[in-house]
Structures are given as C-alpha cells and as structure tokens.
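# Residue-level structural notes
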Amino acid sequence: MFGAAVADDDAAGVVIGGFFGAGIGAALNDCDRGQLHYAASYSFTHGSPYYWHNPYTGVRGVVIARDYYDYGGRRCRWGDAEIYMPDGSFVIDEVRMCRDRYGRWQVAHRQ
C-alpha cells in the first residue's frame, strides 16, 4: 500500500492506499488521485457507483460501494474500485471503509 506517501493530502493518500499498491498508484497524478478520492467518498456516502475520467491523462475508473454492515459499533461498507490506464493495464481492488466519529469515511485498519 502506498498511502499518504504519494498524495499531498493525508486523507486522500489513506483512501487511495487502501485501494491500490505502489505499482498503479505511482502512475496516478494528483488529479487522478483526487478524482479517485472523490469517487470513493461519493460512492460510499450515496451508495451508488461513481465513474470518473481524466481527459488529460486518459486514466478512468469507477468506485462501487456495497451494502452497510456494523463492525465494532461503527457503520462500515465494502467497496470495489477499478482503475484503467491508457496503456491498457488496469487494477481491480476492494477495500473496507468505516465512518469515524465525525461521520467521515476512513479506510478500516483491518481489511
């Protein structure tokens, strides 16, 4: 996991780090990471898929949140994320996120 090391924003890095390893993560620029972060937040909050595309890099993806469940008194969800690179490579990964005490989605420590 590459986490905050590749993102300017620690929260964005944690979310992205929860999804992808350093291989494909290193290929994403700040705009791609920002779009992925927004897609995860939107999908997990609204429960609907969020598709995104960066016309400048050709990177595109989707984040799909699954049903809610309770874990340790917290509301959580599993989600799937897919990122497609312009060279034809792609990664599909899943992550569990839970709401923190302020209601924000955070990548769960135990996947």
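Worth saying up front: this structure is predicted, and the values here are computed from it rather than measured.

Bringing the nonpolar core into the picture now. Within the largest apolar cluster, 16 residues are counted, with the highest numbers of intra-cluster contacts made by Phe 44, Val 63 and Ile 83. Contributing elements (two or more residues each) for this core: helix H3 (30-46), strand E2 (60-71), strand E3 (74-84), strand E4 (90-99) and strand E5 (105-107). Per element, the largest residue contribution to this core is four residues, and it comes from H3.

Turning next to the sheet that holds E2. Across the sheet, five strands lie side by side as E1-E2-E3-E4-E5; this open sheet has antiparallel pairing. Across the chains shown, the open sheet's two edge strands, defined by having one partner strand only, are strand E1 (50-53) and E5. Neighbour-to-neighbour, the strand axes of the sheet open up by a mean angle of 30°, direction not taken into account. Its contacts with the sheet place H3 against E1, E2, E3, E4 and E5, and it is angled at close to 40° to E2.

Residue placement: Gly 88 occurs in the loop between E3 and E4. For the pair Gly 88 and Val 59, spaced 29 residues apart in sequence, the C-alpha to C-alpha distance is 9.8 Å.

We now examine the side chain of Ser 43. Examined against the element boundaries, Ser 43 turns out to sit in helix H3. The buried category is assigned to Ser 43, whose relative accessible area is 0%. Within polar-contact distance, the side chain of Ser 43 engages the backbone nitrogen of Ala 65 at 3.0 Å. With residues near it in sequence (within four places) discarded, Ser 43 still touches Ser 48, Pro 49, Tyr 50, Val 63, Ile 64, Ala 65 and Arg 77.

We now examine H3. Helix length check: H3, at 17 residues, gives a terminal C-alpha distance of 24 Å against a target of 24 Å (1.5 Å per residue), a fit within 8%. Taken together, the buried positions of H3 are occupied by Asp 32, Arg 33, Leu 36, Ala 39, Ala 40, Ser 43 and Phe 44. The arc that holds the buried residues of H3, viewed along the axis, is 120°, so those residues lie on one side. Looking one or two residues past H3, Gly 47 carries a phi angle of roughly 70°, positive in sign.

Centre-to-centre distance and the angle between the planes together describe a pair of aromatic rings. Counting across every chain of the model gives six aromatic pairs. Considering the side-chain rings of Tyr 38 and Tyr 50, the 5.3 Å spacing of their centres and the 75° angle between planes classify their relative orientation as edge-to-face. Residue Tyr 38 is located in helix H3, and its partner Tyr 50 is located in strand E1; the two are separated by 12 residues in the primary sequence. Residue class for Tyr 50 comes out partly exposed when judged on its relative accessible area of 25%. Following the ring pairs from residue to residue traces out a cluster consisting of Tyr 38, Tyr 42 and Tyr 50. The aromatic ring of Tyr 68 is capped on one face by Arg 77, whose charged end is 3.9 Å from the ring centroid.

What counts, and where the lines are drawn
Residues numbered from 1 in each chain as written. Predicted model: local features only at pLDDT ≥ 70, side-chain atom pairs only at ≥ 80, totals over all residues. Heavy atoms only, no water. Core = buried A, V, L, I, M, F, W, Y, C linked by side-chain atoms within 4.5 Å. Buried < 20%, exposed > 50% of the residue type's maximum accessible area, 1.4 Å probe, protein only. Helix = DSSP H or I, 4+ residues; strand = E, 2+ residues; numbered from the N terminus. Pairing = 2+ DSSP bridges. Axes fitted to C-alpha atoms, helices over the stretch in contact; angles between N-to-C directions. Contact = heavy atoms within 4.5 Å. Polar contact = N/O pair within 3.5 Å; in protein donor to acceptor, adjacent residues only side chain to side chain. Expected span 1.5 Å × (residues − 1). Arc of directions from axis to C-beta. Phe/Tyr/Trp six-rings, centres within 6.5 Å; stacked < 30°, edge-to-face > 60°. Lys NZ or Arg CZ within 6 Å of the ring centre and 35° of its normal.

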